[in-house]
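Take a look at the letters that make up each chain.
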Amino acid sequence: MTTSIVRATCPHDCPDTCALLVTVEDGVATQVRGDPDHPTTAGVLCTKVSRYTERTYHADRLLHPMKRVGRKGEGRFERISWDEALDTIAARLKDVAARDAEAIVPYSYAGTMGLVQGESMAARFFNKLGASLLDRTICASAGAAGYKYTVGARIGTDVEQFQNAKLILIWGGNPIASNLHFWMRAQEAKRRGAKLIAIDPYRSLTAEKCHQHIALLPGTDAALALGMMHVLIRDNLVDEDYIARHTLGYEALKERAAEWTPQRTADTCGISVAEVEQLARDYGSLASQGEPVAIRVNYGLQRVRGGGMAVRNIACLPALVGAWRYAAGGVQLSASDTFPKNGAALQRPDLLGKPVRTINMSTIGDALLQEASPEFGPKIEALIVYNSNPVAVAPESPKVAQGFAREDLFTVVLEHFQTDTADYADILLPATTQLEHTDIHATYGHLYMMANNPAIAPLGEAKPNTEVFRLLAQRMGFDDPCFRESDDELAAQAFNSKDARAIHFDWDSLKRKGWQKLNAADAPFAQGGFATPSGKCEFYSERMKADGLDPLPTYIPPYESRVSNPELAKRYPLAMISPPARNFLNSTFVNVQSLRDTEGEPHLDMHPIDAAQRGIDDGNQVRIFNDRGSFVAKARVTDKAREGLVVGLSIWWRKFAADGKNANEVTSQRLTDMGNAPTFYDVLVQVQKV
Ligand SMILES: Nc1nc2c(c(=O)[nH]1)N[C@H]1C(S)=C(S)[C@@H](COP(=O)(O)OP(=O)(O)OC[C@H]3O[C@@H](n4cnc5c(=O)[nH]c(N)nc54)[C@H](O)[C@@H]3O)O[C@H]1N2
Ligand SMILES: Nc1nc2c(c(=O)[nH]1)N[C@H]1C(S)=C(S)[C@@H](COP(=O)(O)OP(=O)(O)OC[C@H]3O[C@@H](n4cnc5c(=O)[nH]c(N)nc54)[C@H](O)[C@@H]3O)O[C@H]1N2
Ligand code: SF4
Ligand SMILES: [Mo]
């Protein structure tokens, strides 16, 4: 027997981007482990990925191309050859492009975070074709916008520093489920005497294990940050020296914060005055004693109307108290912009001959149902989906499914499995998994460049995304040499080695080592040097003013809440959130039996008072509904959900639910204040026993 260990990287949309060691025996991957030498992975994987071989060798893997034989959505397919599949696709795309290439739309997200199997050859293909661009907003763009206005770029506290913090605010995140290797650092900080405070409307697995849990109303985080500023300034817990040297707009901020008394803040957030006062004093007094205070701000609080502003306000806090002075102080939203990615080399936007429209992925339901018009452009006639499962994950799925069901829409799906989206494909293509292809990764949660070597041969007739777009390019007659580049040649261009942070980047050596840290400062803003136009942390932002936003931190209430829309709340009095389930990764892994068994079935957590008012007992099947749609789940009566809030951990495949629907049946396509992102957690519903 020949045994080898292959260095690989977890491809999933998770900040941890773990370094993997894959054991291969006679060409079969038998085990996937975390690399013990990689500092953040530290030999530990989450349950999902430690079961990776179960997913890779799953009996339901798509192994050959297929064409649809049933109705759209029915999921009946028949095997065809690659030649027939590619010829059919090329012929249809040529036909549409001859009328208007913008009627063709790519739809992809982060099924793999790899820079090669993500947007490299695919982007080149769509650019050359002149297809519509896709605005990839479904996850992070609201907070990214708010953070960039304030700090300048998505650069923040290194995850490896958090164990030295004396206070950690875990704000809108549940790292035990979704950012395990950060949680390991936070645990270490706790052992060293740090206080952990979770700020979350739901008593998540993480909130349960923190010293304190502040259960505010969803969508009110911006107000809590303003209330903290009020107390910090009032009680002189700010760092005047840091403020004078490295911030802009303090006098104006002072006036704004003065309006946010602890009472007003507490009323807005649905918490007590004491909680506001104490949170601010914990944060400010440790900071003024020269102790590192750190914030891990995550995605939970961004998925509401004011999600961008909430992140902006929180991003002001470390500058106000001078927390950036210390490597273990500051805030981490995302590490993305620490990586000098060479997007232009990989994606070749120069291949695009003329300006084209952009379709927002978060409103794909409406976009697919839109007729041609001067404002919208041509009706969408062809959709190529890869690395994403929009029928399950995009908001307001009744409209998404209706759009995908259009008989006159030509849909191609590249997938590992027959997902809810794949059911609507005209042509379904089998894709390789991370164990079967080459890739290179930047991350959003640590500072290592990561390599992925293929461990095994592609299963069946599966092909990497890149290869599919290479073969399609040939058939379309795209003869630029860039369409013949190999995955290794693509990977070698991923980072800009002229940038000091990646000066040591060399694909061949990275492939052998598996991972290598960027050259990045331990405390990125200790001496200021923010990436904003002023070079300062911008409490006041001219750019926001120019973009039609309030230039100062403010509070933007949710679209749907008892306060902001009392009329709607009469019919739909409960706020609903649907954050990630621990054993799934978005909709990935839902079809892996052992993981689905652990999650059980779709649940809805609701407070005992809300349940009693509706005659609902623990374990009852309930229907959750509003004007957009409805879905069923099993009630779990628990005070983990604060009163007035229901929680449906997600993202279930529709086909695994009793009624063939999931939580996105009731979410809306309204967008955030900035970044054009979805408002998944800005939803009012009613719940009744079925
Ligand atoms: N196991 C697992 N890991 C994942 C994922 C997964 O699906 N499963 N998804 C990955 C992806 S794509 C992403 S974007 C990240 C997401 O990462 P996170 O945003 O950290 O997601 P969660 O861990 O669910 O934490 C969100 C928390 O925010 C809370 N929340 C909801 N609304 C609000 C609000 O208005 N204010 C505040 N303060 N809190 C609120 C929720 O109750 C929840 O506990 O995780 C990644 N990792
Ligand atoms: N209600 C609700 N909805 C949500 C969220 C929520 O919290 N609540 N979270 C939102 C967030 S944060 C995100 S990021 C999105 C996630 O949305 P998506 O990025 O669509 O994530 P997944 O659902 O994991 O689907 C990824 C698909 O890509 C496939 N895939 C993986 N690797 C490859 C590959 O190499 N090639 C090909 N061709 N396919 C591959 C997988 O099999 C999987 O089916 O969902 C959003 N939707
Ligand atoms: S999903 Fe996240 S925690 Fe799990 S192995 Fe991948 S990177 Fe690591
Ligand atoms: Mo996400």
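That block above? That's the structure.
Residues numbered from 1 in each chain as written. Chains lettered and ligands numbered in written order. Predicted model: local features only at pLDDT ≥ 70, side-chain atom pairs only at ≥ 80, totals over all residues. Heavy atoms only, no water.

(A) Here's a closer look at empty space enclosed by the protein. Per the stated rule, a full pass over the model turns up three cavities of 30 Å³ or more. As a volume, the largest cavity reaches approximately 80 Å³. Contributing to the lining of the largest cavity are 13 residues, with Pro-602, Phe-631, Trp-652, Asn-662 and Ala-663 lying nearest its centre. Its residues placed into classes, the lining of the largest cavity shows eight nonpolar, four polar and one charged. Counted as a void, the second largest cavity has a volume near 50 Å³. Forming the walls of the second largest cavity are Pro-15, Asp-16, Thr-40, Val-159, Asn-179, His-181, Phe-182, Gly-445 and His-446. Two domains share the lining of the second largest cavity, each providing at least three of its residues, namely domain 1 (3–56) and domain 3 (142–333 + 533–546). (1 Å grid on protein atoms, 1.4 Å probe; cavity = no way out; pocket = protein on both sides within 12 Å on 5 of 7 lines; lining within 4 Å. Points joined across faces, edges and corners; volume = space filled by probe spheres on them. Nonpolar A, V, L, I, M, F, W, Y, C, P; charged D, E, K, R; others polar. Domains from an automatic or database assignment.)

(B) Inspection of the packing of helix α4 (residues 121–129) against helix α19 (residues 465–476) at higher detail. One way to put it is that α4 packs onto α19 with a least axis distance of 8 Å and a crossing angle of 25°. Of the possible angle classes, the one that applies to α4 and α19 is roughly parallel. The crossing of α4 and α19 is left-handed. Along the contact surface, α4 presents Met-121, Ala-122, Phe-125, Phe-126 and Leu-129, while α19 presents Thr-466, Phe-469, Arg-470, Leu-472, Ala-473 and Met-476. Residue composition of the contact of α4 with α19, by class: nine nonpolar, one polar and one charged. (Axes fitted to C-alpha atoms, helices over the stretch in contact; angles between N-to-C directions. Helix = DSSP H or I, 4+ residues; strand = E, 2+ residues; numbered from the N terminus. Parallel < 35°, antiparallel > 145°, perpendicular 65-115°, else oblique. Left-handed = near helix turned anticlockwise from the far one by under 90°. Contact = heavy atoms within 4.5 Å.)

(C) Seen up close, the pattern of salt bridges. Taken as a whole and judged by the stated rule, the model has 51 salt bridges. One salt bridge connects Asp-426 with Lys-72, and the closest N-O pair in it is separated by 3.1 Å. Here Asp-426, found in the loop between β16 (410–415) and β17 (427–430), pairs with Lys-72, found in the loop between β4 (66–68) and β5 (77–79); they are 354 residues apart in sequence, far enough to count as distant. In this pair, the class of Asp-426 matches that of Lys-72, namely buried. Of the charged contacts in the structure, one is a salt bridge between Glu-119 and Arg-136, with a shortest N-O distance of 3.3 Å. Taken together, the positions of Glu-119 in the loop between β6 (104–108) and α4 and Arg-136 in the loop between β7 (133–135) and α5 (141–150) put the pair 17 residues apart, joining distant regions of the chain. Overall, the relative accessible area of 15% leaves Glu-119 in the buried class. Exposure remark for Arg-136: the relative accessible area of 31% places this residue in the partly exposed category. (Salt bridge = Lys/Arg side-chain N within 4 Å of Asp/Glu carboxyl O. Buried < 20%, exposed > 50% of the residue type's maximum accessible area, 1.4 Å probe, protein only.)

(D) Quick peek at the sheet that holds strand β26 (residues 645–647). Overall, mixed pairing links the six strands, which are arranged β22-β26-β23-β25-β24-β27 in a closed barrel. The average angle at which neighbouring strand axes cross in this sheet is 45°, direction not considered. Summarising the sheet, strand β23 (residues 603–606) and strand β25 (residues 630–637) pair through four bridges and their orientation is parallel. Residue pairing in the sheet places Met-606 in a bridge with Val-637 of β25. (Pairing = 2+ DSSP bridges.)

(E) Highlighting the nonpolar core. In this structure, Leu-169, Trp-171, Leu-224, Tyr-283, Ile-295, Leu-317 and Leu-320 are the most contacted members of the largest nonpolar core, which totals 59 residues. Sort the elements by how many residues they give to this core and helix α9 (residues 221–234) lands first, with ten residues. Contact partners of Leu-169, with chain neighbours within four places excluded, come to Ile-197, Met-228, Leu-279, Tyr-283, Ala-294, Ile-295 and Arg-296. Grouped together as the second largest cluster of nonpolar side chains are 51 residues, Ile-89, Leu-346, Ala-382 and Leu-471 included. (Core = buried A, V, L, I, M, F, W, Y, C linked by side-chain atoms within 4.5 Å.)

So, to be careful, I would describe these as geometric facts and stop short of saying anything about function.
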